[in-house]
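Spelled out from the first residue to the last, the chains are:
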Amino acid sequence: QSMSITDLTVKIPSSSRSTSIPSESKRKPSRWKTAEFKFYYVILCLALPIMIWIPITLSSPSHPNYPQYQFKLSRGWLFGRDLDNSDSQYRSFRNNIPILTAVAALFLSLKYFWSKLCNVSQVPTDNLHLLPLNAVLSTLFLLGLHGSSILKLVAVISINYVVAKTCKSSRLGPALTWAFNIGILFLNDRYNGYQFGEIFPSLEFLVRDTYEGFYPRWHINFNITMLRLVSFSMDYYWACKNPVSVETGSSLDERQRQTTNHPVEMYSYVNYFAYALYSPLYIAGPIMTFNDFLWQFRRPITITKSSVLGYFVRFICCLLTMEAILHFMYVVAIKDTRAWAGDNPAQIGMIGFWNLIIVWLKLLLPWRFFRLWALSDGIDPPENMIRCMANNYSTFGFWRSWHRSYNLWIIRYIYIPLGGMKNVFVNSVLVFTFVALWHDLTFKLLAWGWLVSLFILPEMLARYFLPASRYSSTSWYRHVCAFGGVLNVLLMMTANLVGFVIGIDGLQFFLNQLIETFAGLRYLIAVLFCLFVGVQLMFEYREEEMRKGIYRRC
């Protein structure tokens, strides 16, 4: 079978290759070879090299602003170039890839030899016997990672377990669970993870260097752990209220594994501990619900070696892409030092754009790594980032595809309980306020959350006044939607530049350069035109996916 452009689409279990492919009469004819799209290819071939060349020239040692950020560069390994490893979040992952790989290999080896030692059947009916081993390995992993601070973490998750078990039949259960976990988030930030000496002076010896662990700041990772604690408590609460019987041997897909309850006795402390502190997903996720996690032990799913190998190759390609960008485009260092004096609007625009690309890659790579570790262990967590950052025109679609596992968690535990589609805008404001505060208790991210909530309004209004069910057959509808997509792209870039790159002050400078100068307005017109072309290509790519039986809501 010949390769297709849609082979690049990231496969996800819940909506990968569908068997219900539309009939020939309902499929839209391909536009790839039309004169309109050949014109788009010309624009694409002209714009992409310019977009790549601009940040490379800004990163040249001969550029006047180079001395302002040179101190942030490190020695690289690619073609004698220096490396922009100045982003602290990505640096902590990149520099520790070798030790993380060694830990993953040791974890998988221990589980393999344990299975051999216990003489486990080649095709076990379940893997529940591995849960106690997972709990032990997670304890050892966290001892090395957090040292004596593991005692604080275990105390927190144990209190959450007691709250869930005590209030299993009361409506107060969910409220107390949420209050406890959100309270811990705020207290962690206020007291910096609690020093032993501040709790009990006699325990001050536990904070000596020999007990600190590789990464003593356990409270930084607690944001991810908190999601798992809420998941267990809510899943247990719903299991107590609505016991569900599942036929023996019946298979469950990804969505069913999340929503189908277990017998209440399966919500034990050992299973909870093994889930909350599961080593491959502990540091950064992806996020799994307790129900999904336990179903994959009760009814192991088939993960082929070829699929794991293919995922590994994809991870390596993404890693090398990031390495190339960091060796040839020093846009993070330029942004951090604000070394853009004298740059024209096109150069300033590309600094912002490539910073967003780096934000995408610096999050994608840890998620891909830890998911690869989980897949190698026989666990299939939800995939994050199923679209490239530059392949999004819908605000709703962008958030469905970006941190997809977190989005699924938000929908199950916040959005639907609040009423879901009954009040989309109000619920979205509440959701994004929580998301912003969950990421970091700063005004910059709170502003990001409110901007995102505001920026979904145009798309909501457009869907209401120009529904596809009524106008999709008209000749003008696709082009009007493309203009709407351009607006969405600009709004999403604005929100994410504020939240994760330059903040409100930096954005104000960018906008002043774009709209207060003639060169800026000229550049803005060119950007709008190129984005219109890009959105048209995104539309057709999704049409091609549907022709191949791939259906996505993003």
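Here the structure is a predicted model, which means the values were calculated and not measured. (Residues numbered from 1 in each chain as written. Predicted model: local features only at pLDDT ≥ 70, side-chain atom pairs only at ≥ 80, totals over all residues. Heavy atoms only, no water.)

**Some remarks on the overall build of the protein chain**
Scanning the protein chain from terminus to terminus reveals 26 helices and 2 strands. A total of 554 residues make up the protein chain; the buried ones form 50% of that total. Expressed as a percentage of contacts within the protein chain between residues at least 6 apart in sequence, the contacts between residues at least 24 apart total 78%. Entry remark: accessible area of the protein chain is about 27200 Å², with carbon and sulfur atoms responsible for 65%. (Helix = DSSP H or I, 4+ residues; strand = E, 2+ residues; numbered from the N terminus. Buried < 20%, exposed > 50% of the residue type's maximum accessible area, 1.4 Å probe, protein only. Contact = heavy atoms within 4.5 Å. Areas by Shrake-Rupley, 256 points an atom, 1.4 Å probe, with all protein chains shown as cover.)

**Overview of the environment of Ala-390**
On the secondary structure map, Ala-390 appears in the loop between helix H17 (345–376) and helix H18 (395–401). Residue Ala-390 is classed as partly exposed on the basis of its relative accessible area, which comes to 40%. In the structure, Ala-390 is positioned 144 residues away from Gly-534 in sequence and 8.9 Å away in space, judged by C-alpha atoms.

**Let's talk about the packing of aromatic side chains**
Scanning the model with the defined rule gives 48 aromatic pairs in all. Ring geometry for Tyr-161 against Phe-232: centres 5.8 Å apart, planes inclined by 25°, an arrangement best described as stacked. Taken together, the positions of Tyr-161 in helix H6 (residues 150–166) and Phe-232 in helix H10 (residues 218–241) put the pair 71 residues apart, joining distant regions of the chain. Taken as a pair, Tyr-161 and Phe-232 share a single burial class, namely buried. Both rings, one in Tyr-464 and one in Phe-465, keep their centres 5.0 Å apart while their planes meet at 85°; by these two values the pair is edge-to-face. (Phe/Tyr/Trp six-rings, centres within 6.5 Å; stacked < 30°, edge-to-face > 60°.)

**Quick notes on the packing of H10 against helix H12 (residues 269–276)**
Running from N to C, H10 and H12 cross one another at 150°; their axes reach a closest spacing of 10 Å. One element, H10, and the other, H12, form an angle in the roughly antiparallel class. Judged by the twist between their axes, the crossing of H10 over H12 is right-handed. Between H10, through Thr-225, Arg-228, Leu-229, Ser-231 and Phe-232, and H12, the contact on the second element is made entirely by Tyr-272, Tyr-275 and Ala-276. Here the residues of the contact of H10 with H12 are counted per class, giving 5 nonpolar, 2 polar and 1 charged. (Axes fitted to C-alpha atoms, helices over the stretch in contact; angles between N-to-C directions. Parallel < 35°, antiparallel > 145°, perpendicular 65-115°, else oblique. Left-handed = near helix turned anticlockwise from the far one by under 90°. Nonpolar A, V, L, I, M, F, W, Y, C, P; charged D, E, K, R; others polar.)

**A few points about the pattern of salt bridges**
Enumeration over the complete set of coordinates arrives at 16 salt bridges. A salt bridge links Lys-335 to Asp-336, with the nearest nitrogen and oxygen atoms 2.9 Å apart. Taking the relative accessible area as the measure of exposure, Lys-335 reaches 13% and is therefore buried. By relative accessible area, which is 36% here, Asp-336 ends up partly exposed. With a closest N to O distance of 2.8 Å, Arg-463 and Glu-459 form a salt bridge. Placement of the pair is Arg-463 and Glu-459 together in helix H22 (residues 457–465), with a separation of 4 residues, close to one helical turn. Shared partners join several salt bridges into a network, and the residues in it are Arg-31, Glu-540, Glu-544 and Arg-547. (Salt bridge = Lys/Arg side-chain N within 4 Å of Asp/Glu carboxyl O.)

**Some details on unusual backbone geometry**
Here the bond from Gly-285 into Pro-286 is cis, since omega is 5°, no more than 30 degrees from zero. Tracing the backbone shows Pro-286 in the loop between helix H13 (279–282) and helix H14 (290–298). For Met-385, which is not glycine, the phi torsion reads 50° and is therefore positive. As for its placement among the helices and strands, Met-385 is situated in the loop between H17 and H18.

**Focus: the environment of Thr-225**
Mapping Thr-225 onto the fold places it in helix H10. C-alpha of Thr-225 to C-alpha of Ala-276: the two residues are 51 residues apart in sequence and 6.4 Å apart in space.

**With respect to the nonpolar core**
Nonpolar side chains in soluble globular proteins tend to be buried together. Grouped together as the largest cluster of nonpolar side chains are 146 residues, with contacts concentrated most on Trp-409 and Phe-434. With 20 residues, the single largest contributor to this core is H17. Setting aside anything within four residues of it in sequence, one finds Phe-434 in contact with Trp-178, Met-226, Tyr-406, Trp-409, Ile-410 and Ile-414. (Core = buried A, V, L, I, M, F, W, Y, C linked by side-chain atoms within 4.5 Å.)

**Looking at H14**
Of all 9 residues that make up H14, 8 are buried, and the element is covered over most of its length. Considered for burial, the residues of H14 that qualify are Phe-290, Asn-291, Asp-292, Phe-293, Leu-294, Trp-295, Gln-296 and Phe-297.

**A look at the packing of helix H5 (residues 130–146) against H12**
Where H5 meets H12, the axes come as close as 8 Å, and the angle between the chain directions of the two elements is 50°. What the angle tells us is that H5 and H12 run oblique. The two elements H5 and H12 cross, and the hand of that crossing is left-handed. Of the residues in H12, those touching H5 at Leu-131, Pro-132, Asn-134, Ala-135 and Thr-139 are Val-270, Asn-271, Phe-273 and Ala-274.

**Quick notes on H6**
With 17 residues, H6 extends 24 Å between its outermost C-alpha atoms, agreeing within 8% with the 24 Å of an ideal straight helix rising 1.5 Å per residue. Within the sequence span of H6, burial applies to Ile-150, Lys-152, Leu-153, Val-156, Ile-157, Asn-160, Tyr-161, Val-163 and Ala-164. (Expected span 1.5 Å × (residues − 1).)

**Quick word on the confidence of the model for the protein chain**
Confidence in the prediction of the protein chain, expressed as mean pLDDT, is 86, and 90% of residues score 70 or more. Low confidence marks residues 14–21, where pLDDT is under 50. Its contacts with residues over four positions away, or in another chain, come to 24 contacts. (pLDDT = per-residue confidence, 0-100.)

**Comments concerning the side chain of Asp-380**
The residue Asp-380 is located in the loop between H17 and H18 in this model. Among the polar contacts made by the side chain of Asp-380, one reaches the side chain of Arg-371 at a distance of 2.6 Å. (Polar contact = N/O pair within 3.5 Å; in protein donor to acceptor, adjacent residues only side chain to side chain.)

**A closer look at a nonpolar patch on the surface**
The grouping of Ile-99, Phe-214, Tyr-215 and Ile-220 at the surface amounts to a nonpolar patch, some 350 Å² of accessible area in total. Take Tyr-215: it is sitting in the loop between helix H9 (209–212) and H10. (Patch = residues over 30% accessible without salt bridge, like charges linked within 9 Å, V, L, I, M, F, W, Y side chains within 5 Å.)

**Thoughts on the side chain of Asn-291**
Within the element layout of this structure, Asn-291 appears in helix H14. For Asn-291, a relative accessible area of 0% puts it in the buried group. A distance of 3.3 Å separates a polar side-chain atom of Asn-291 from the backbone oxygen of Gln-258. Leaving out residues up to four positions away in the same chain, Asn-291 has contacts with Asp-235, Arg-257, Gln-258, Thr-259, Thr-260, Asn-261, His-262, Tyr-267 and Arg-412.

**Details of the state of the cysteines**
As enumerated under the stated definition, the model contains 0 disulfides in all. There is no disulfide at Cys-317, and the cysteine sulfur nearest it, in Cys-318, is 6.9 Å away. (Disulfide = S-S within 2.5 Å.)

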